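Given next are the chains, with one letter for each unit.
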Amino acid sequence: HLPEDTARVIWFGRHGSFHSEFGMGLLRPVLAELERAHRDRPIELVVISNNRMRFDALTHDVRIFTRYEEWSNERVFFELSRADLFVMPSGADPFSLCKSANRAVLALANGVPVVASYLEALEPLRDAMVLDDWRAGISGYLLDPGLASAHLALARPVLAAEYSIEAIARKWNDALVHAAGAQAERPAAAAVAQLA
């Protein structure tokens, strides 16, 4: 029974861990910006994760619509098919900083614009998403469909060149050829060293 023009904003991932600053708790600063944007367009935040109690504690007093879904691959893809925006806040600890772009890539490949914290892994997609500006990204994508369309169009060739099955296969092939070449050079170098 949500208003017809309600925007669906999704976040998916593990709820968190003791060894790193990541997970659902990182949504706290994002919630304030979602509440601000909610004044101009109704927003439902959909969290797909593995800890309902943590979700309830995080969202019990927020002033937007919220919904929790238990983690499954099927649920992630279903919610992506209906989403208007994916938010991806990250922590500043070493574990978080070295994370991959996989969730942002998945969202963009499914036609969902992304607002995220900067990670080095997101560099190839820098121009196709909004980084480190929750207010501009959330309002921009939810209130200006042209911005979302433009950024998704910019993402498509990058996804094809960097993250497609063909691109990943090429990168694996290059890495394996390089590793095999390095392995073959070791015995030859050892033989030369023995002769010297």
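Keep in mind that what you see is a predicted model, and the values were worked out from it rather than measured. Sequence order as written defines residue numbering, which begins from 1 separately in each chain. Local features in a predicted model are, by the rule used here, given only for residues with pLDDT of at least 70; side-chain atom pairs are given and counted only at 80 or more, and totals for whole chains, interfaces and linings are based on all residues. To obtain the side-chain values, all non-hydrogen atoms of the structure were used and water was disregarded.

Colleague: Which parts of the structure should I look at to understand a nonpolar patch on the surface?
Modeller: Among the surface-exposed residues, Ile 168, Trp 172 and Leu 176 lie close enough to one another that they form a single nonpolar patch of about 340 Å² accessible area. Put simply, DSSP marks the helices as runs of H or I at least four residues long and the strands as runs of E at least two long, and each gets a number from the N terminus on. Turning to its location among the elements, Ile 168 is positioned in helix α8 (residues 165–195). For every residue, the accessible area obtained with a 1.4 Å probe (protein chains only) is divided by the maximum for its type, and the residue is called buried under 20%, exposed over 50%, and partly exposed between those limits. What makes Ile 168 partly exposed here is its relative accessible area of 34%. Patch members must show over 30% relative accessible area and no salt bridge, and they are joined within 9 Å when carrying like charges or within 5 Å when they are nonpolar side chains of Val, Leu, Ile, Met, Phe, Trp or Tyr. Each accessible area value is a Shrake-Rupley result obtained with a 1.4 Å probe; residue values ignore everything except the protein chains displayed when judging cover. What counts as a salt bridge is simple: a side-chain nitrogen of Lys or Arg found within 4 Å of a carboxyl oxygen of Asp or Glu.

Colleague: Please explain the packing of aromatic side chains as it appears in this structure.
Modeller: The geometry of an aromatic ring pair is captured by the separation of the ring centres together with the interplanar angle, meaning the angle of the planes. For this analysis, a ring pair means two rings from Phe, Tyr or Trp (six-membered ring only for Trp) whose centres lie within 6.5 Å, classed as stacked if their planes differ by under 30 degrees, edge-to-face if by over 60, and tilted for the remaining angles. Following the criterion strictly, the structure yields three aromatic pairs and no others. Between the aromatic rings of Phe 12 and Trp 71, the centroid separation amounts to 6.3 Å while the plane-to-plane angle is 40 degrees, which identifies the pairing as tilted. Of this pair, Phe 12 sits in strand β1 (residues 7–12) while Trp 71 sits in the loop between β3 (65–70) and α3 (73–82); the two residues are 59 residues apart in sequence, bridging distant segments of the chain. Overall, the relative accessible area of 2% leaves Phe 12 in the buried class. Judged by its relative accessible area of 39%, Trp 71 is partly exposed.

Colleague: Explain the pairing of strand β2 (residues 43–49) to me, please; I cannot follow it from the model alone.
Modeller: Looking down a regular strand, the side chains alternate between one sheet face and the other. Across the seven residues of β2, seven count as buried, placing the element largely inside the fold. Of the two faces of β2, the one carrying Ile 43, Leu 45, Val 47 and Ser 49 and the one carrying Glu 44, Val 46 and Ile 48 are both buried. Note on pairing: two strands pair once DSSP finds at least 2 bridges between them. Two strands pair when backbone bridges link them, and β1 and β2 are joined in this way by six bridges, in the parallel orientation. Considered in β2, the bridge of Val 9 is made with Leu 45. Handedness of a crossover is defined as follows: orient the strands so they point away from the viewer, and if the path from the first strand over the helix to the second runs clockwise, the crossover is right-handed. Running through helix α2 (residues 52–59), the crossover from β2 to the neighbouring parallel element β3 is right-handed.

Colleague: How should the sheet that holds β2 be read in this particular structure?
Modeller: Strand-to-strand pairing in sheets goes through backbone hydrogen bonds, with the strands running parallel or antiparallel. Across the sheet, six strands lie side by side as β3-β2-β1-β4-β5-β6; this open sheet has parallel pairing. Single-partner strands in this sheet number two, and they are β3 and β6 (130–131). Against the sheet, helix α1 (residues 28–38) engages β1, β2, β3 and β4 (85–88), with an angle of about 150 degrees to β2. It only takes one pair of heavy atoms within 4.5 Å for two residues to be counted as in contact. Note on method: axes are straight lines fitted to C-alpha atoms, helices fitted across the in-contact stretch only, with angles between N-to-C directions ranging 0 to 180 degrees.

Nothing here speaks to function; it is all geometry.
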